[in-house]
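# Structure assessment
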Amino acid sequence: MKKTLFFIMALFGTFAMNAQEVEPKEVLQGEVSPAVSALRLAADLVKYGYEQQSALPLIDALQIISENQTQPLDTEVKGETATPATDKKNGKITLDFNTILTSAKEFADGNEDLLKLISLIENDAEGTHRGAVNGPRRGYFSVSAGCYNDFDVSFVQGYLAEVAVSGDGDTDLDLYIYDSNGNLIASDTDYSDDCYVNWVPAWTGRFVIRVVNRGGVYNNYVVLTN
């Protein structure tokens, strides 16, 4: 009995020492942006809507976009300079309200109920959707097969930074974040063209967003930042 008790106490002591060695998680300043999360969902709905030529997913995307205002991501594209081919693409991605609106009406194919829904969203968004000052930034770009795009974007020290990429579905895109010294800060390298990373900058300054196309055709994509 004493031996058993001693063994249990020794085992508990081992767990306790291991527990003490675990470093506490860093406390993030700020919260993950609901707008960025919502717009990522909208991008998935848009891709599905175009793939199926269905109005309903596009209508849902329009509602999300109208409720989450954005401003343009004005940044110079570096890296590859080749002009992407103009062959017909299988996939399509956009978060442009007017473009999706036009497609939703086309896919509604005269269905009065769907057209009424589209009209309601269009009227609600009139004058409030475009030209936003606050909220995440959004940019549309294209990267050739086997190439990459770089963007310089500034983020604030000590506060959560977010970058999301959503491609047109035709190739695998990888996302990398580097600091101004060339150090890799974060990455998303799964086998899709939907990427997301967040981190807390150690200083206020410019970071490099790199989008790499691992596929054999060009990819049109959207970049979102908080």
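Described below are features of the structure shown in this document. Note that residues are indexed from 1 along each chain, following the sequence as it is written. Per-residue local features are limited, in this predicted model, to residues with pLDDT of at least 70; the limit for side-chain atom pairs, both in listing and counting, is 80 or more; totals at the level of whole chains, interfaces and linings are taken over all residues. As a rule here, side-chain values come from all non-hydrogen atoms in the structure, and water together with hydrogens is ignored.

Let us look at the packing of helix α4 (residues 97–108) against helix α5 (residues 112–125). Taken N-terminus to C-terminus, the directions of α4 and α5 make an angle of 165 degrees; their axes are 9 Å apart at the nearest point. One element, α4, and the other, α5, form an angle in the roughly antiparallel class. Along this stretch, α4 crosses α5, giving a crossing that reads as left-handed. Contacts from Phe97, Leu101, Ala104, Lys105 and Ala108 in α4 reach Leu114, Leu115, Ile118, Ile121, Glu122 and Ala125 in α5. Each residue is assigned to one of three groups, with Ala, Val, Leu, Ile, Met, Phe, Trp, Tyr, Cys and Pro labelled nonpolar, Asp, Glu, Lys and Arg labelled charged, and all others, Gly among them, labelled polar. Across the contact of α4 with α5, the residue classes break down as nine nonpolar, no polar and two charged. To obtain an axis, a line is fitted to C-alpha atoms, over the contacting stretch when the element is a helix, and the angle between two such axes runs from 0 to 180 degrees between their N-to-C directions. Each helix corresponds to a stretch of at least 4 residues labelled H or I by DSSP, and each strand to a stretch of at least 2 residues labelled E; elements are numbered beginning at the N terminus. Any angle that is under 35 degrees is reported as roughly parallel, and any over 145 degrees as roughly antiparallel; angles of 65 to 115 degrees are reported as roughly perpendicular and all others as oblique. Throughout, a crossing is termed right-handed when the near helix is turned clockwise from the far one, and left-handed when it is turned anticlockwise from it by less than a right angle. Any two residues having at least one pair of non-hydrogen atoms within 4.5 Å are treated as being in contact.

Looking now at the side chain of Asp172. With respect to the secondary-structure elements, Asp172 resides in the loop between β5 (161–167) and β6 (173–178). Nearest to the buried, unbridged Asp172 among oppositely charged side chains is Arg214, at 5.4 Å. Pairs of N or O atoms within 3.5 Å make up the polar contacts considered here, provided that, within protein, one atom can donate a hydrogen while the other can accept it, and that residues adjacent in sequence are counted only when both atoms are side-chain atoms. A polar side-chain atom of Asp172 sits 3.4 Å from the main-chain amide nitrogen of Ser192. The contacts of Asp172, once residues within four sequence positions are left out, are Asp190, Tyr191, Ser192, Val212, Asn213, Arg214 and Gly215. Only protein chains enter the accessibility calculation, which uses a 1.4 Å probe; a residue is then buried when its area is under 20% of its type maximum, exposed when over 50%, and partly exposed in between. The charge count includes Lys and Arg as positive and Asp and Glu as negative, but it does not include His or the ends of the chains. Any Lys or Arg side-chain nitrogen located within 4 Å of an Asp or Glu carboxyl oxygen qualifies as a salt bridge.

Per the stated rule, a full pass over the model turns up six salt bridges. The salt bridge involving Arg214 is made with Asp174; its shortest N-O contact spans 2.8 Å. One end of the pair, Arg214, is in the loop between β9 (205–213) and β10 (219–225); the other, Asp174, is in strand β6, and 40 residues separate them in sequence. Take Asp174: its relative accessible area is 5%, and that puts it in the buried class.

If you want to describe how two helices pack, look at the angle between their axes and the distance between the axes. Viewed as axis vectors pointing N to C, helix α2 (residues 34–52) and helix α3 (residues 55–67) meet at an angle of 155 degrees, and their least axial separation amounts to 8 Å. Classified by the angle between their axes, α2 and α3 sit roughly antiparallel to one another. Judged by the sense of rotation from one axis to the other, the crossing of α2 with α3 is left-handed. Facing α2, whose interface residues are Ala38, Leu39, Leu41, Ala42, Leu45, Val46, Tyr48, Gly49 and Tyr50, α3 presents Pro57, Leu58, Asp60, Ala61, Ile64 and Ile65. Residues of the contact of α2 with α3, tallied by class, amount to 13 nonpolar, one polar and one charged.

Bringing the pairing of β10 into the picture now. The buried fraction of β10 amounts to six of the seven residues, a majority that puts the element mostly inside the structure. At least two bridges found by DSSP between two strands are what make those strands a pair. Pairing analysis gives seven bridges linking strand β3 (residues 137–143) to β10, with the strands arranged antiparallel. Within the sheet, the bridge partner assigned to Phe141 lies in β10 and is Tyr221. As defined by bridge partners, β5 adjoins β10 across five bridges and the pair is classed as antiparallel. Bridging from a neighbouring strand, Gly167 pairs with Tyr221 of β10.

Each pair of aromatic rings taken from Phe, Tyr and Trp, with Trp reduced to its six-membered ring, is defined by centres within 6.5 Å and is described as stacked if the planes are under 30 degrees apart, edge-to-face if over 60, and tilted in the remaining cases. With the rule as written, the count across this model stands at eight aromatic pairs. Ring geometry for Phe155 against Trp199: centres 5.1 Å apart, planes inclined by 70 degrees, an arrangement best described as edge-to-face. With a gap of 44 residues between them, Phe155 in strand β4 (residues 148–155) and Trp199 in strand β8 (residues 194–199) connect regions that are remote in the sequence. There is no split in this pair, since Phe155 and Trp199 are both buried. Ring pairing ties together the aromatic residues Phe155, Trp199, Trp203 and Phe207, which thus form one cluster. Between Arg210 and the ring centre of Tyr148, over which it is positioned, the NZ or CZ distance is 4.1 Å. Geometrically, a lysine NZ or arginine CZ counts as sitting over a ring once it is within 6 Å of the ring centre and also within 35 degrees of the ring normal.

Here five strands make up an open sheet; going across it, the order is β2-β4-β9-β6-β7 and the pairing antiparallel. Each edge of the open sheet carries a strand with a single partner, namely β2 (78–79) and β7 (184–188). Bridge count for β6 against β9 is six bridges, and the pairing is antiparallel. Each residue of the ladder has a partner; that of Asp174, found in β9, is Val212.

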